[in-house]
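What follows is each chain in one-letter form.
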Amino acid sequence: KILVLGANGQIGTELVRTLCGIYGCDNIIAGDITEPPDTIKHTAPFEIINVTDEASVRRAFSNHKPTQVYLLAAILSAVGEQKPKMAWDLNMNGLIHTLDLAIEFKTAKVFWPSSIAVFGPHSPRVDTPQFCVMDPNSVYGFSKLAGERWCEYYFDKYGLDVRSLRYPGLIGWRSSPGGGTTDYAVHIFHEALKNSRYESFLSADTELPMMHMDDAIRATIELMNTPANRLSIRSAYNLAGLSFTPAQLAAEIKKHIPQFELTYAKNDPRQLIANSWPRSIDDTYARQDWGWKPEFDLKGLVENMLGNLKSNR
Ligand code: VAH
């Protein structure tokens, strides 16, 4: 069985769908803290699993003896600043419960997402390298940095085959983002189609590393399928798609919706988080270790998002 924890989230929803396609829905267990909302139609069996409750996660491991576990449950950057202790508890204890149980139940492979949020104000901001100063100042960011340290520790000390990617902001049409700083880049498409206007909570020139969800899911599957002896990074791989600003995204949307208007909110707390993150990422190690290459550029991403949102309304 393959266990997906946090299955109702922006990434989890898409991972369950992809893993069903590869391994068959009967071999997937989708777990989350609440039943999926009506907007999510999981094709895999679903059960309530609370990753902050060790007994709940233990029951899942004991019942299903998973060969692979994907732990996507997390509180993201913006919500994490509103609920710092809950974010630390969920992001850290959820991971440690999962790592310990993966060892106890001999799970072959574990995936856990990190993020570009692990970089901070003193990290190089352009072509941010795999190794550099990392002083994240969001709870989410330093929970992901600490999580990377735990993953590498469990690999080095116990030989657990846990793998991780530092995802950029993810943009997909099949699921909604959940409380992050990059969420504007998803909401903008829904609003453009509905109202031909959107108010961005990030300023016009805020350049951030982004990626189409299809590229992120493919990178995840490629990483998990790479022979272990080819992997040189056991914290989390830098992974790059494309970088853009809200103004550049709006200009590309205008090519399809000429009357689209983007306005800008002032003093949104998420601007401070975005200001501490890289503008672009150097993903040399992912390219070297498994031949990573993104497929979506800005033109292709906008066409794909608008096209799919239109035909799936
Ligand atoms: C967030 N979408 O905004 C997440 C992600 C790089 C951004 O970690 O918090």
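Please refer to the structure higher up on the page.
Just so it is clear, the structure is predicted and the values come from calculations on it, not from any experiment.

## Describing the overall build of the protein chain
And step 1. Broken down by element type, the protein chain carries 11 helices and 14 strands.
And step 2. Its C-alpha atoms give the protein chain a radius of gyration of 19 Å, within 12% of the compact-globule value 20 Å for 313 residues.
And step 3. The dimensions of the protein chain, computed from C-alpha atoms along their principal axes, are 55 × 45 × 40 Å.
And step 4. Within the protein chain, the proportion of its 313 residues that are buried is 57%.
And step 5. Sequence separation of at least 24 residues holds for 79% of the intrachain contacts in the protein chain that already meet a minimum separation of 6.
And step 6. Accessible surface for the protein chain amounts to roughly 13,000 Å². Of this, 52% is attributable to carbon and sulfur atoms.
And step 7. Averaging the locations of the 32 positively and 35 negatively charged side chains of the protein chain gives two centres separated by 2 Å.

## A word on helix 4 (residues 84-104)
And step 1. For helix 4, which comprises 21 residues, the first-to-last C-alpha distance of 30 Å matches the rise-based estimate of 30 Å (1.5 Å per residue) to within 8%.
And step 2. By the burial criterion, the buried members of helix 4 are Ala87, Leu90, Asn91, Met92, Gly94, Leu95, Ile96, His97, Thr98, Leu99, Leu101 and Ala102.

## Notes on the sheet that holds strand 13 (residues 242-244)
And step 1. Pairing is mixed across the open sheet formed by three strands, whose spatial order is 9-11-13. Strands at the two margins of the open sheet, each flanked by one partner only, are strand 9 (169-171) and strand 13. Neighbour to neighbour, the strand axes of the sheet diverge by 45° on average, direction disregarded.
And step 2. With three bridges joining them, strand 11 (residues 208-212) and strand 13 adopt antiparallel strand pairing. Paired with Leu208 across the bridge in strand 13 is Phe244.
And step 3. Those strands touched by helix 11 (residues 298-311) are strand 9, strand 11 and strand 13, and its axis lies near 50° from that of strand 11.

Procedures and definitions
Residues numbered from 1 in each chain as written. Predicted model: local features only at pLDDT ≥ 70, side-chain atom pairs only at ≥ 80, totals over all residues. Heavy atoms only, no water. Helix = DSSP H or I, 4+ residues; strand = E, 2+ residues; numbered from the N terminus. Rg over C-alpha atoms; globule rule 2.2 N^0.38 Å. Buried < 20%, exposed > 50% of the residue type's maximum accessible area, 1.4 Å probe, protein only. Contact = heavy atoms within 4.5 Å. Areas by Shrake-Rupley, 256 points an atom, 1.4 Å probe, with all protein chains shown as cover. Lys, Arg positive; Asp, Glu negative; His and termini not counted. Charge placed at Lys NZ, Arg CZ, Asp CG, Glu CD. Expected span 1.5 Å × (residues − 1). Pairing = 2+ DSSP bridges. Axes fitted to C-alpha atoms, helices over the stretch in contact; angles between N-to-C directions.

None of the figures reported here should be taken as evidence of function without further support.
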